[in-house]
Amino acid sequence: MIKAVFFDWAGTMVDFGSRAPVIAMQAVFDAAGVPVTEAEVRAHMGKAKREHVLAMFEDPDVQHRWLTAKGKQPGPLDADHLMIGLEPAMTEAAAKASTLIPGALDVFQALTASSIKVGSSTGYTPTMMTEVARRAHAQGYEPATILCAGDTSEGRPAPFMLWQAMINLGVWPARACVAVDDAPVGIHAGREAGMWTVGLAGSGNELGLDAEAYSALSEAERRTKLAKAAEAFVVARADVVIATVADLPSALSIIADAMAQGLVPGSNIVLDASITG
C-alpha cells in the first residue's frame, strides 16, 4: 500500500546528530566576525542553506551582534556574501559526515526488496551533495532521486521538492507516500505535500548528539531526551515519531495499518519516540 518513501539526508540517513551544517555555519559566521550559537543554527535546520542564513538574520540576538560588528543590520546581500564561504565549508563538512546512520542501509535494502521506491530531498545545494551522495553510494545507499536546494522554486517547508521527487519516481497519490525527516520543517513539508510523515527524534537536529554521545547515554537519559525531542515533532503534527531510521519498519507498519483502516495523513497516529528509543 505504501508506494514510496522519501528521506532527508543529514540527521536522517547520514551524519548522526546532523553535525555538519552546524560546524559549517558556525565557521562561516565566525569568519564574518559574528559568532552564532549551535542553538541559533539548529533553530532553522532543514531549510535551503541561503534561506537558513536569512532566517538566522531574523533572530534578534544575531541581529544585535551583526549590528555591533558591522554597524548595520544584516540583509540579503550579506546572505549572498556568507554563501560564498558556506558553499565550500558545507561541502567539506558534509563529505566528512557522510557515514550512514546505523540501520539506514538495512531499511533501504528492505524497502527496495519490497518494491517500495526510495527518493530523497535535502536543504543542501547540488555542490554540497556531490561527495555525500558518492560516499553514500559506496556504502550501498542510492536513492532513485535526489532533490537539492535550488532544484525547485522554493525549499522546505514548501512541498515542491517532495512533489518533484514523486514526479521523478512516477508515484502517486501523495497519501501513498511517506516523508521521513529529522527536523520539524521537513515534517511541515511532508504534511503540505499530502504525505504521511515520520519524525526522527534521536539521530537528528532536535537532539543534536553524534552517534558516540548518543550511544553513551544511559537508558533513562535516552528516554528522557527522546521524549523531549519528540515534542517538536508532535507540535509539527508528524504522523509517527521514532528514534532513528532503524526504527522505521515499526513506523511503516503503523502507517500501513492506518491506511488499511481508511485513515489519511494527518490523522495524528503517533508512536512515542521513547518507546522505540
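Check the entry above for the structure.
As the structure is a prediction and not an experimental result, all values here were calculated from the model.

Caption draft 1: The arrangement of the pairing of strand E4 (residues 177-181) in detail. Along E4, five of the five residues are buried, which leaves the element largely enclosed by surrounding structure. Side-chain alternation along E4 places Cys177, Ala179 and Asp181 on one buried face and Val178 and Val180 on a second face that is also buried. Where strand E1 (residues 4-7) and E4 come together, four bridges link them in parallel fashion. Within the sheet, the bridge partner assigned to Ala4 lies in E4 and is Cys177. In the classification by handedness, the crossover that spans E4, the intervening helix H9 (residues 184-193) and the parallel strand E5 (residues 196-200) is right-handed.

Caption draft 2: Fine view of the packing of helix H3 (residues 49-57) against helix H5 (residues 76-96). Relative to each other, H3 and H5 sit at 130°, their axes nearing to 9 Å. In terms of orientation, H3 and H5 fall into the oblique class. Crossing handedness for the pair H3 and H5: right-handed. Contacts from Lys49, Arg50, Val53, Leu54 and Phe57 of H3 reach H5 at Pro76, Asp78, Ala79, Asp80, Leu82, Met83, Leu86 and Met90. Along the lines of polarity and charge, the residues of the contact of H3 with H5 split into nine nonpolar, no polar and four charged.

Caption draft 3: Structural view of the sheet that holds strand E2 (residues 117-121). The strand order across the open sheet formed by six strands is E3-E2-E1-E4-E5-E6, and the pairing between neighbours is parallel. The sheet terminates laterally at strand E3 (146-147) and strand E6 (240-242), the two strands that pair on one side only. Bridging between E5 and E6 involves three bridges; their strand directions are parallel. For Leu200, the partnering residue across the bridge sits in E6 and is Ile242.

Criteria and thresholds
- Residues numbered from 1 in each chain as written.
- Predicted model: local features only at pLDDT ≥ 70, side-chain atom pairs only at ≥ 80, totals over all residues.
- Heavy atoms only, no water.
- Buried < 20%, exposed > 50% of the residue type's maximum accessible area, 1.4 Å probe, protein only.
- Helix = DSSP H or I, 4+ residues; strand = E, 2+ residues; numbered from the N terminus.
- Pairing = 2+ DSSP bridges.
- Right-handed = clockwise from strand over helix to strand, strands pointing away.
- Axes fitted to C-alpha atoms, helices over the stretch in contact; angles between N-to-C directions.
- Parallel < 35°, antiparallel > 145°, perpendicular 65-115°, else oblique.
- Left-handed = near helix turned anticlockwise from the far one by under 90°.
- Contact = heavy atoms within 4.5 Å.
- Nonpolar A, V, L, I, M, F, W, Y, C, P; charged D, E, K, R; others polar.

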